[in-house]
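Residue-level structural notes
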Amino acid sequence: MTNIQLNVLFKKMQKDDKKEVLMFHILSDELPHADELLKLPGRIAILKVQDQEGVGAEFVSIQRDDKKTVLKFNVKRDSKKVYELYRFAGNNVKLEIKPSQMSIDEFYETEEEEEEEQDDQMSIEDVQQQPSVTE
């Protein structure tokens, strides 16, 4: 499968529990790359907005009505790349979608592993409870 390039309206970006929800609108009667796009929901894709570095995302859904097509993606919130996308929200942008070889389970497992690693870190309270070396 090749990279899909679209001109879209970056409709919104909103925070959810552990992810960012990205919504893009294709405002056209025709859906470019329709066959390829319809195969992607439920899979992981790499998204590039404008010329930003690509970010992994779960392609949640594609919904079509008579005025627009809505593409919905979930992106991990902790990614630094995600914060760079905020400046594009509400604007017409060039969106590139590239299918990823990663499964949804692998995508979310890496998030859980990162959280576990963070849980191993000492908190300020832990440090304050440690006996001082000078005592």
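Being a predicted model, the structure only gives us computed values, none of them experimental.

Ordered in space as β1-β2-β5-β4-β3-β6, the six strands form a closed barrel in which the pairing is antiparallel. Across the sheet, the mean angle from the axis of one strand to that of its neighbour is 50°, orientation sign disregarded. Where strand β3 (residues 43-49) lies against strand β4 (residues 55-64), five bridges are found, and the strand directions are antiparallel. Paired with I46 across the bridge in β4 is G56.

Mapped onto the fold, E106 is located in helix α3 (residues 104-119). Considered as a pair, E106 and I44 are 62 residues apart in the sequence and their alpha carbons are 9.6 Å apart. Of the polar contacts made by the side chain of E106, one reaches the backbone nitrogen of S103; its length is 2.8 Å.

As a further point, take the confidence of the model for the protein. For the protein, the average pLDDT comes to 82, and 78% of its residues sit at 70 or higher. When mean pLDDT is compared element by element in the protein, strand β6 (residues 92-99) scores highest at 95, while helix α4 (residues 124-129) scores lowest at 61. Below pLDDT 50 for its whole length, residues 114-118 participates in two contacts with residues either more than four positions away or in separate chains.

Taken as a whole and assessed by the stated rule, the structure comprises four aromatic pairs. Judged by centre distance (4.6 Å) and plane angle (35°), the rings of F10 and F24 are tilted. Within this pair, whereas F10 is found in strand β1 (residues 4-15), its partner F24 is found in strand β2 (residues 19-26), the two being separated by 14 residues in sequence. The class of F10 is buried, set by a relative accessible area of 0%. The buried category is assigned to F24, whose relative accessible area is 0%. Note on F24 and F73: the rings are 5.9 Å apart at their centroids and 75° apart in plane angle, and the pair reads as edge-to-face. One end of the pair, F24, is in strand β2; the other, F73, is in strand β5 (residues 69-76), with 49 residues separating them in the sequence. Here F24 and F73 have matching classes, each one buried. Cluster of aromatic residues (ring-pair linked, three or more members): F10, F24, F59 and F73. If you follow K76 out to its NZ or CZ, it ends over the ring of F107, 4.6 Å from the centre.

We now examine unusual backbone geometry. Negative phi is the rule for most residues except glycine; trans is the rule for most peptide bonds. Phi is positive for H33, close to 60°, though the residue is something other than glycine. Structurally, the position occupied by H33 is in the loop between β2 and α1 (34-38). When its relative accessible area of 33% is taken as the criterion, H33 is described as partly exposed. Phi is positive for Q50, which is not a glycine, with a value near 55°. You can see Q50 is positioned in the loop between β3 and β4.

What the rule picks out here adds up to three salt bridges. A salt bridge links D51 to K94; the nearest nitrogen and oxygen atoms lie 3.6 Å apart. Of this pair, D51 sits in the loop between β3 and β4 while K94 sits in strand β6; the two residues are 43 residues apart in sequence, bridging distant segments of the chain. One salt bridge in this structure joins K68 and D65, with 3.2 Å as the shortest N-O distance.

Calculation criteria
- Residues numbered from 1 in each chain as written.
- Predicted model: local features only at pLDDT ≥ 70, side-chain atom pairs only at ≥ 80, totals over all residues.
- Heavy atoms only, no water.
- Pairing = 2+ DSSP bridges.
- Helix = DSSP H or I, 4+ residues; strand = E, 2+ residues; numbered from the N terminus.
- Axes fitted to C-alpha atoms, helices over the stretch in contact; angles between N-to-C directions.
- Polar contact = N/O pair within 3.5 Å; in protein donor to acceptor, adjacent residues only side chain to side chain.
- pLDDT = per-residue confidence, 0-100.
- Contact = heavy atoms within 4.5 Å.
- Phe/Tyr/Trp six-rings, centres within 6.5 Å; stacked < 30°, edge-to-face > 60°.
- Buried < 20%, exposed > 50% of the residue type's maximum accessible area, 1.4 Å probe, protein only.
- Lys NZ or Arg CZ within 6 Å of the ring centre and 35° of its normal.
- Salt bridge = Lys/Arg side-chain N within 4 Å of Asp/Glu carboxyl O.

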